[in-house]
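Each chain is listed here by its residues.
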Amino acid sequence: MNQTQNPSLTSELVENHPLVDDVNAMHQERLSPIERTCKKIADATGAPLALMLAIIVQLVWVATGVLMKWDPFPFVFLLTCSNIIQLILIFVIAVAQRQQSQHDEIRAEADHDSISRLLYHQQLQDQILLRLAERNGVDVSDLESTVRTLLAPATA
């Protein structure tokens, strides 16, 4: 079967290419069990469902506190519980952000490696094409200066 006929086959071959690092798997391997737990908690608390749940719990708590005189205004017990949860979540989110930063660094290094390989490959192809053109008697003198300019190191 031809790769151009089946786009999923082409993307599968690209994703499983031996020169492409699976950054997500590398990052997951480096996480400790506590870091994995913090990531799951941070992901869950950052979801819209968690926001809706927090709003509903507080509304129910306020209504129950007013009607039952269990935790009347200024809702001291509710505020105490909220503050404790917030203090814990501050550290959980900080750990999750540090993990994300590490993941971003791994991805940047992998992207840099891949782009470097691609650019090197492109340079080789340019040189091969110029040599083939010269051997076939095609005048490429007007292209050589452009290619040399492209191959020159970037200046700041």
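Going along each chain's sequence as written, the residues are numbered from 1 onward. With the structure being a predicted model, the display of local features is reserved for residues of pLDDT at least 70 and the display and counting of side-chain atom pairs for 80 or more, all residues being used for whole-chain, interface and lining totals. Computation of side-chain values covers all heavy atoms of the structure but excludes hydrogens and water.

Attention shifts here to the packing of helix 4 (residues 48-68) against helix 5 (residues 76-135). To get an axis, a line is fitted to the C-alpha atoms, and for a helix only the part in contact is used. The angle between two axes follows their N-to-C directions and goes from 0 to 180 degrees. We count a stretch as a helix when DSSP gives it H or I for four or more residues in a row; a strand needs E for two or more, and each element gets its number in order from the N terminus. At a minimum axis distance of 10 Å, the contact between helix 4 and helix 5 shows a crossing angle of 155 degrees. Accordingly, the angle class assigned to the pair helix 4 and helix 5 is roughly antiparallel. With respect to the hand of their crossing, helix 4 and helix 5 are arranged in right-handed fashion. Seen from helix 4, the contacting residues are Gln58, Trp61 and Val62; seen from helix 5, they are Phe77, Leu78, Cys81 and Ser82. The residue classification treats Ala, Val, Leu, Ile, Met, Phe, Trp, Tyr, Cys and Pro as nonpolar and Asp, Glu, Lys and Arg as charged. All others, Gly included, are polar. Grouping the constituent residues of the contact of helix 4 with helix 5 by class yields five nonpolar, two polar and no charged. Roughly parallel here means an angle under 35 degrees, roughly antiparallel means over 145, roughly perpendicular means 65 to 115, and every remaining angle is called oblique. A clockwise turn of the near helix away from the far one marks a right-handed crossing, whereas an anticlockwise turn of less than a right angle marks a left-handed crossing. Contact criterion: two residues are considered in contact whenever any of their non-hydrogen atoms come within 4.5 Å of each other.

For a helix, the expected span equals 1.5 Å multiplied by the residue count minus one. The terminal C-alpha atoms of helix 3 (residues 33-45), which comprises 13 residues, lie 18 Å apart, in line with the 18 Å expected from a rise of 1.5 Å per residue. Along helix 3, the positions that sit buried rather than exposed are Glu35, Cys38 and Ala42. Seen end-on, helix 3 carries its buried residues on one side only, within an arc spanning 60 degrees. Residues of helix 3 that are exposed and point over 90 degrees away from its buried face: Pro33 and Lys40. The elements touched by buried residues of helix 3 are helix 2 (23-30) and helix 5. Burial classification: accessible surface area is computed with a 1.4 Å probe over protein chains only, and a residue below 20% of its type maximum counts as buried, one above 50% as exposed, and the rest as partly exposed. To obtain the arc, one takes the directions from the helix axis to the C-beta atoms.

Once that is clear, we can look at the layout of surface pockets. We place a 1 Å grid over just the protein atoms. Points where a 1.4 Å probe fits but has no way out form a cavity, open points with protein on both sides within 12 Å along at least 5 of 7 lines form a pocket, and any residue with an atom within 4 Å of a point lines it. Grid points are joined across faces, edges and corners, and a volume is the space filled by probe spheres set on the points. Its volume calculated, the largest pocket comes out at about 480 Å³. Around the largest pocket sit 14 residues that line it, and Ala50, Ala54, Gln58, Ile85 and Leu89 are the ones nearest its centre. Among the elements that take part in the lining of the largest pocket, helix 4 stands out by supplying seven residues, more than any other. Among the residues forming the lining of the largest pocket, the class breakdown is ten nonpolar, four polar and no charged.

Bringing the side chain of Glu35 into the picture now. With respect to the element layout, Glu35 can be found in helix 3. For Glu35, a relative accessible area of 13% corresponds to the buried category. Excluding its chain neighbours within four sequence positions, the residues that come into contact with Glu35 are Arg30, Val95, Arg98 and Gln99.

So far we have only geometry, and geometry alone does not tell us how the molecule works.
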